[in-house]
Amino acid sequence: MTESVRAPAVQLASRGRLAPFMADSQAPRGVDALNGAVSEPAWRVRPSRYLVSTDDRMIPPPARRAMSERAGSTVVEVPGSHSVYVSRPDAVADLIKRAAKGR
């Protein structure tokens with residue numbers, strides 16, 4: 001993992017601010033959107049990617065695989081926790097870069 005990718009999480013953790021940041025980021029935003037109708041799901045007409053974190057104890061990996069298969073996503077699996085963007089930011093960044101290049 002490059003230092004530039006890892007640095008923000010490490011800085012927050014070293015200041016004792018990672019847990020509060022993560023808790024705040026889980027707050028429901030725009031709850032009204034949950035009642036909205038979707039006329040055409042983007043995953044039906046656009047390529048999608050799915051990162052399965054194999055050590056997730058919140059959403060079991062088999063459930064993640066089923067969701068990604070239903071959406072027709074290109075799947076990448078990595079060892080990592082439910083908060084894979086914190087435990088494996090390198091894998092998240094790599095998936096985004098590959099998606100941007102159409103791979």
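Keep in mind that this is a model prediction, so the values were computed, not measured.

Some details on the overall build of the protein
On a plain count of helices and strands, the protein comes out with 6 helices and 2 strands. When the helices and strands of the protein are read in sequence order from the N terminus, they spell out α-α-α-β-α-β-α-α. Within the protein, the fraction of its 103 residues that count as buried is 22%. Contacts in the protein between residues at least 24 apart in sequence constitute 60% of all its contacts with a sequence separation of at least 6. Just so you have it, the protein exposes about 7700 Å², and 56% of that area is on carbon and sulfur atoms.

A closer look at the pairing of strand E2 (residues 74-78)
In this structure, strand E1 (residues 49-53) lies alongside E2, joined through 5 bridges in parallel fashion. The residue bridging Ser 53 from the neighbouring strand is Val 78, located in E2. Once the chain exits E1 it traverses helix H4 (residues 61-71) before rejoining the sheet at E2, and the crossover so formed is right-handed.

Structural notes on H4
The α-helix advances 3.6 residues per turn, and as a result positions three or four apart in sequence lie on the same side. Pro 61, Arg 64, Ser 68 and Ala 71 are the residues of H4 that are buried. The arc enclosing the buried residues of H4, seen along the axis, measures out at 85°, which places them on a common side. Facing away from the buried side of H4 by more than 90 degrees, the exposed set consists of Pro 62, Glu 69 and Arg 70. Residues of H4 that are buried sit in contact with helix H3 (42-45), E1 and E2. Of the residues flanking the end of H4, it is Gly 72, one or two places downstream, whose phi is positive at about 70°.

Examining the nonpolar core
Counting 5 residues, the largest nonpolar core is built from Leu 51, Val 78, Val 84, Ala 91 and Leu 95. Contact partners of Ala 91, with chain neighbours within four places excluded, come to Leu 51 and Val 78.

Quick word on a positive patch on the surface
Taken together, Lys 97, Arg 98, Lys 101 and Arg 103 make up a surface patch of like positive charges. Locating Arg 98 in the fold gives a position in helix H6 (residues 89-100).

Regarding the pattern of salt bridges
This structure, assessed with the given rule, holds 3 salt bridges. The closest approach of N and O atoms between Arg 65 and Glu 77, which form a salt bridge, is 2.7 Å. Taken together, the positions of Arg 65 in helix H4 and Glu 77 in strand E2 put the pair 12 residues apart, joining distant regions of the chain. Residue class for Arg 65 comes out partly exposed when judged on its relative accessible area of 32%. When its relative accessible area of 39% is taken as the criterion, Glu 77 is described as partly exposed.

Thresholds applied
Residues numbered from 1 in each chain as written. Predicted model: local features only at pLDDT ≥ 70, side-chain atom pairs only at ≥ 80, totals over all residues. Heavy atoms only, no water. Helix = DSSP H or I, 4+ residues; strand = E, 2+ residues; numbered from the N terminus. Buried < 20%, exposed > 50% of the residue type's maximum accessible area, 1.4 Å probe, protein only. Contact = heavy atoms within 4.5 Å. Areas by Shrake-Rupley, 256 points an atom, 1.4 Å probe, with all protein chains shown as cover. Pairing = 2+ DSSP bridges. Right-handed = clockwise from strand over helix to strand, strands pointing away. Arc of directions from axis to C-beta. Core = buried A, V, L, I, M, F, W, Y, C linked by side-chain atoms within 4.5 Å. Patch = residues over 30% accessible without salt bridge, like charges linked within 9 Å, V, L, I, M, F, W, Y side chains within 5 Å. Salt bridge = Lys/Arg side-chain N within 4 Å of Asp/Glu carboxyl O. Lys, Arg positive; Asp, Glu negative; His and termini not counted. Charge placed at Lys NZ, Arg CZ, Asp CG, Glu CD.

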